[in-house]
Amino acid sequence: MTEHDARPGAQRDRTHGATGGEAVRQDTGQGPARPDAVRETGQDNGAQVSTGSETAGVPEAAIPELVIISGMSGAGRSTAAKCLEDLGWFVVDNLPPALIPTMVELGARSQGNVARIAVVVDVRGRRFFDNLRESLADLDTRGVTRRIVFLESSDEALVRRFESVRRPHPLQGDGRIVDGIVAERELLRELRGDADLVIDTSSLNVHELRAKMDAQFAGEEEPELRATVMSFGFKYGLPVDADLVADMRFLPNPHWVPELRPYTGLNEEVASYVFNQPGAKEFLDRYAELLRLIAAGYRREGKRYVTIAIGCTGGKHRSVAMSEKLAARLAAEGVETVVVHRDMGRE
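As the structure is a prediction and not an experimental result, all values here were calculated from the model.

## A short note on helix H4 (residues 155–165)
Logical step 1: Among the residues of H4, Ala 157, Leu 158, Arg 161 and Phe 162 are the ones counted as buried. Buried residues of H4 fall within an arc of 130° about the axis and therefore sit on the same side. More than 90 degrees from the buried face of H4, the exposed residues found are Glu 156 and Glu 163.
Logical step 2: Against helix H5 (177–194) lie the buried residues of H4.
Logical step 3: A positive phi of about 55° marks Arg 166, the residue just after H4.

This is how it looks when you write it as structure tokens:
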């Protein structure tokens, strides 16, 4: 995603817990560009990484934390990388996957100057892409804490972005942009399935994507589980990055109450109307109980991020009110939670 994609967002991000979903860091503090495509940022811009021969027996405590950023071309990989860069991560763009373990080894030798590394892997390095699985297995053997962030977007949004900058898709060859998109989706299918965090940027502008990244990575302490509770309207389509989807259309629609129609589920009168309906409070109690069970399983499996989508017809009343209440329940149980109202304001 680039600046040309920016549009006034109808979306609203809020955080329940330690991080600030609305706080977007704009100051970068970047050092001068380096020819090896490695950017150093953070509190110590003068950190140097040795490139000498390998040293055996590096203490495990010195191994840097690693984030691998990948996803569809045009979906916002560069924006996500710049956000981590602004948060003090050591960012390496377009690194061949076979060199990821070497990059981690170099960071481990920096004597703590490079504690967090973000690597952007994309189809520009597709001839090396087959080595990614081997590299990930190597990292697991070394006990490296690593996460995969996958940037997703709809075909329509990707085509629009490529056409607006008048650039070809890196995989389209002599074909159309959509041909390149299809080829890339197939190439990245397995990696998307292994991702710890999937972000759909179809309806996000640059600042909204940065806010999402900031909410996930700005905290000093890594929580056990982070949840995004997203309200949406079924008439605008299902969120492609949702792990769980719940349907609020079993409740009466405040849209048909004239005095409530102009308002949203954030309004107290609308929320009271929704939760005074038969089944609303019971759903909240039982779904929160179900999520406790699911969250425990996610933690056992090492899953750190979950997106819970709550839908109604237009994404304005019932889903918004339920999302707010559900997020508050999760936050009260120690789950760091971000609330996103995807379609509120689209009508």
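Let us keep going from here.
## Quick word on the confidence of the model for the protein chain
Logical step 1: Per-residue pLDDT for the protein chain averages 80, and the proportion of residues at 70 or more is 79%.
Logical step 2: Confidence drops under pLDDT 50 across residues 1–61; counting only partners more than four residues distant or on other chains, this segment forms 135 contacts.

## Digging into the pairing of strand E6 (residues 146–152)
Logical step 1: Counting buried positions along E6 gives 6 out of 7 residues, so the element sits mostly inside the fold.
Logical step 2: The pairing of strand E3 (residues 65–71) with E6 spans 6 bridges and is parallel. Directly across from Ile 69, in E6, lies its bridge partner Val 149.
Logical step 3: Pairing between E6 and strand E7 (residues 197–200): 4 bridges, direction parallel. Considered in E7, the bridge of Glu 152 is made with Asp 200.

## Overview of the pattern of salt bridges
Logical step 1: Throughout the structure, instances matching the rule amount to 20 salt bridges.
Logical step 2: Between Asp 140 and Arg 146 there is a salt bridge whose closest N-O contact spans 3.0 Å.
Logical step 3: Across the salt bridge formed by Asp 343 and Arg 346, the nearest N and O atoms sit 3.0 Å from each other.
Logical step 4: On the basis of relative accessible area, Asp 343 is assigned to the buried category, the value being 1%.
Logical step 5: What you see here is one network of salt bridges that share partners, running through Glu 105, Arg 109, Asp 138 and Arg 142.

What counts, and at which threshold
Residue positions within a chain follow its written sequence, with the count starting from 1. Two thresholds apply to this predicted model, a pLDDT of at least 70 for residue-level local features and 80 or more for giving and counting side-chain atom pairs, whereas whole-chain, interface and lining totals are computed over all residues. Water and hydrogen atoms play no part in the side-chain values, which are based on all heavy atoms of the structure. Working definition: with a 1.4 Å probe on protein chains only, accessible area under 20% of the residue-type maximum means buried, over 50% means exposed, and in between means partly exposed. Here a strand is any run of E in DSSP of at least two residues, a helix any run of H or I of at least four, and the numbering for each starts at the N terminus. Throughout, the arc means that of the directions going from the helix axis to the C-beta atoms. Should any heavy atoms of two residues lie within 4.5 Å, those residues are considered in contact. Along the chain, pLDDT gives the predictor's confidence residue by residue, from 0 to 100. In this analysis, strands are considered paired if DSSP registers two or more bridges between them. We define a salt bridge as a contact between a side-chain nitrogen of Lys or Arg and a carboxyl oxygen of Asp or Glu at a distance within 4 Å.

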